[in-house]
2 protein chains.
Amino acid sequence: MTTTIDGARIARDIRARVAERVAETAACGRVPGLATILVGDDPASAVYVAAKRRAIREAGMRDFHRHLSRHASGDEVAAVIDELAADPDVSGILLQLPLPAQLDAATLIDRIPAAKDVDGLTTASAGRLARGERGLRPCTPSGVIELLDAEGIELRGACVAVVGWGELVGRPLAQLLLRRGATVTVAHEFTADLAAVTRPADIVVVATGVRGLVGPEHVKPGATVIDVGIHRTPEGLTGDVRAAELDGIASRITPVPGGVGPMTIAMLMVNTLRAAEWNAVPKTVPA
Amino acid sequence: MTTTIDGARIARDIRARVAERVAETAACGRVPGLATILVGDDPASAVYVAAKRRAIREAGMRDFHRHLSRHASGDEVAAVIDELAADPDVSGILLQLPLPAQLDAATLIDRIPAAKDVDGLTTASAGRLARGERGLRPCTPSGVIELLDAEGIELRGACVAVVGWGELVGRPLAQLLLRRGATVTVAHEFTADLAAVTRPADIVVVATGVRGLVGPEHVKPGATVIDVGIHRTPEGLTGDVRAAELDGIASRITPVPGGVGPMTIAMLMVNTLRAAEWNAVPKTVPA
């Protein structure tokens, strides 16, 4: 019997807790605010940004938004980031990716002060994570950890296989899991025998962008499977895992949609709240 | 038949190449320089710093040294770091650890500009490593990679078990190996079944500080074993690996002493040279 992990419900609970805390903070006259920066008119990006802004408003936080032309120069984007960085009402800054080709994403992201880096993607935030220092963590990997915690899955001493070594999920997730005391293996495109790496694992997290990559041949009975992938298909959304084939094998599995996806926005809310609280006491997270 | 990896020879070769390159650089009027900062009178630290300074001079680089009282305040150490950071003749700054109890090591280390962080221990350098950006890497893990490269061992696709999750070796080494395309598992004190993790590995790197932890029960025939540990015993120096018991099982193994140890200073020479070249063109590694 395989349990489906209800990421949508867990994300709702987290967002509700954030909203409560925001209400308390607001009572003290401090309302957290998120600034989203959208450059250009990529339809998918516009949809993502709209969803984030809606969630921010639902949580009772202030919604600052900047929409720049797809022809915006690096200096123009940098100026907007600097202005938001200096604005005490802006707790967090999110630069929606991907950026138009003429812009250098890494340079612009690193312009966001660590204290307002609610996406946790700056080099400074990566350093804080690598060194185990307090800081803002990337939303999707933190969301995976929250899901596992919400399911009461013990991480200390657990064998976890992270399939996929991307900058946004695989690499930071491996660090978060290691900090929690898991024995972590990172597999990727150069891994010769994926099943050999994933079959011993108590928890398998898949974030490869390869549709249906992982199936029963990769998972030991009773393991927990977290599917970070999302693919639009004629039959609807699907992930990196062949979930149906794992029914009765995995003890728990995240669905697509409704698993990890909703957690990403929930953790963005958490990060924005944290940033607001840390910015209130700058020493904890110096920019 | 097990081959002993001659770290002393490989380190000598690297230091000779650095010296050649330094001579070329000097011909252009730029002589790299390392500033070592020793706070207090810890005898072991004094020995380590002396060895580093000797190596720097042997490589034809400039040796800047500051010795502060064991009662030095954080402000005093910070002032010395700032002065060396501003000195164009100082390519690299090394703050010898451990520091006296009244000093906050993390804060003082992070005061070293990334461009001069030849120990690769600042949060900024950790971030550059985590993000795969150009930067100075910690000396001992880079030394392990250099040893494997010198032995012609293919890292891409290799299964590597890193035993030990310390900040100085295990964690950064896992990142370096991953960047090279290895399938990496990090095991540590919470790992339930160490042998289960290490036996499948093509390469086992041990950096736990636990004398003789790893033996034949942990290593598959033909694997390469790298021993980062070093322990002083009545019988002399020994490592984290029971090397004698692995004779005839491992294909290659590093001795203690004469394995990884000499590589650490060699990589410090390499980092100081790199820092000098990067500082000559600040854009590549902004402080």
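Residues numbered from 1 in each chain as written. Chains lettered and ligands numbered in written order. Predicted model: local features only at pLDDT ≥ 70, side-chain atom pairs only at ≥ 80, totals over all residues. Heavy atoms only, no water.

Colleague: Can you explain the overall build of chain A? Please cite residues and give values.
Modeller: When helices and strands are counted, chain A shows nine helices and eleven strands. Dimensions of chain A, computed from C-alpha atoms along their principal axes, come out at roughly 50 × 40 × 35 Å. For chain A, long-range pairs separated by at least 24 residues make up 71% of all intrachain contacts whose partners lie at least 6 apart in sequence. Carbon and sulfur atoms form 54% of the exposed surface of chain A, whose accessible area is close to 11800 Å². The centroid of the 31 positive side-chain charges in chain A is displaced by 5 Å from the centroid of its 34 negative side-chain charges. (Helix = DSSP H or I, 4+ residues; strand = E, 2+ residues; numbered from the N terminus. Contact = heavy atoms within 4.5 Å. Areas by Shrake-Rupley, 256 points an atom, 1.4 Å probe, with all protein chains shown as cover. Lys, Arg positive; Asp, Glu negative; His and termini not counted. Charge placed at Lys NZ, Arg CZ, Asp CG, Glu CD.)

Colleague: Quick rundown of the pairing of strand S8 (residues 224–227) of chain B? Include the residues and the values.
Modeller: Residue and element names in this part refer to chain B. Residues Thr-224 and Ile-226 of S8 are buried on one face, and the alternating residues Val-225 and Asp-227, pointing to the opposite face, are buried as well. As judged from the four bridges shared by strand S7 (residues 203–206) and S8, these two strands associate in the parallel manner. By the bridge assignment for S8, Val-204 is matched with Val-225. As paired elements, S8 and strand S11 (residues 252–253) share two bridges and run parallel to each other. Opposite Thr-224, over in S11, you have Arg-252 as the bridge partner. (Buried < 20%, exposed > 50% of the residue type's maximum accessible area, 1.4 Å probe, protein only. Pairing = 2+ DSSP bridges.)

Colleague: A description of the sheet that holds strand S2 (residues 33–39) of chain B should follow, citing residues and the corresponding values.
Modeller: All names here are of chain B. One open sheet accounts for three strands, arranged S3-S2-S4; its pairing is parallel. Each end of this open sheet is capped by a strand with a single partner; those strands are strand S3 (62–68) and strand S4 (92–95). Strand-to-strand twist in this sheet, taken as the mean axis angle between neighbours without regard to direction, amounts to 15 degrees. (Axes fitted to C-alpha atoms, helices over the stretch in contact; angles between N-to-C directions.)

Colleague: I'd like a rundown of the UniProt feature "domain: Tetrahydrofolate dehydrogenase/cyclohydrolase NAD(P)-binding" (unreviewed entry) in chain A, residues and numbers included.
Modeller: Under the present numbering, the feature "domain: Tetrahydrofolate dehydrogenase/cyclohydrolase NAD(P)-binding" (unreviewed entry) in UniProt falls on residues 138–278 of chain A. Helix makes up 32% of residues 138–278 of chain A and strand 18%. Its end C-alpha atoms lie 16 Å apart. (UniProt positions renumbered as here; feature names shortened; annotations may be inferred.)

Colleague: Before we move on, can you summarise the pattern of salt bridges with the specific residues and values?
Modeller: What the rule picks out here adds up to 38 salt bridges over all chains. In this structure, the salt-bridge partner of Arg131(A) is Glu167(B), at a minimum N-O distance of 3.9 Å. Pair noted here: Arg131(A) is in the loop between helix H5 (123–130) and helix H6 (139–150) and Glu167(B) is in the loop between strand S5 (159–163) and helix H7 (170–179), and the two residues belong to different chains. Across the salt bridge formed by Arg15(B) and Glu58(B), the nearest N and O atoms sit 2.8 Å from each other. (Salt bridge = Lys/Arg side-chain N within 4 Å of Asp/Glu carboxyl O.)

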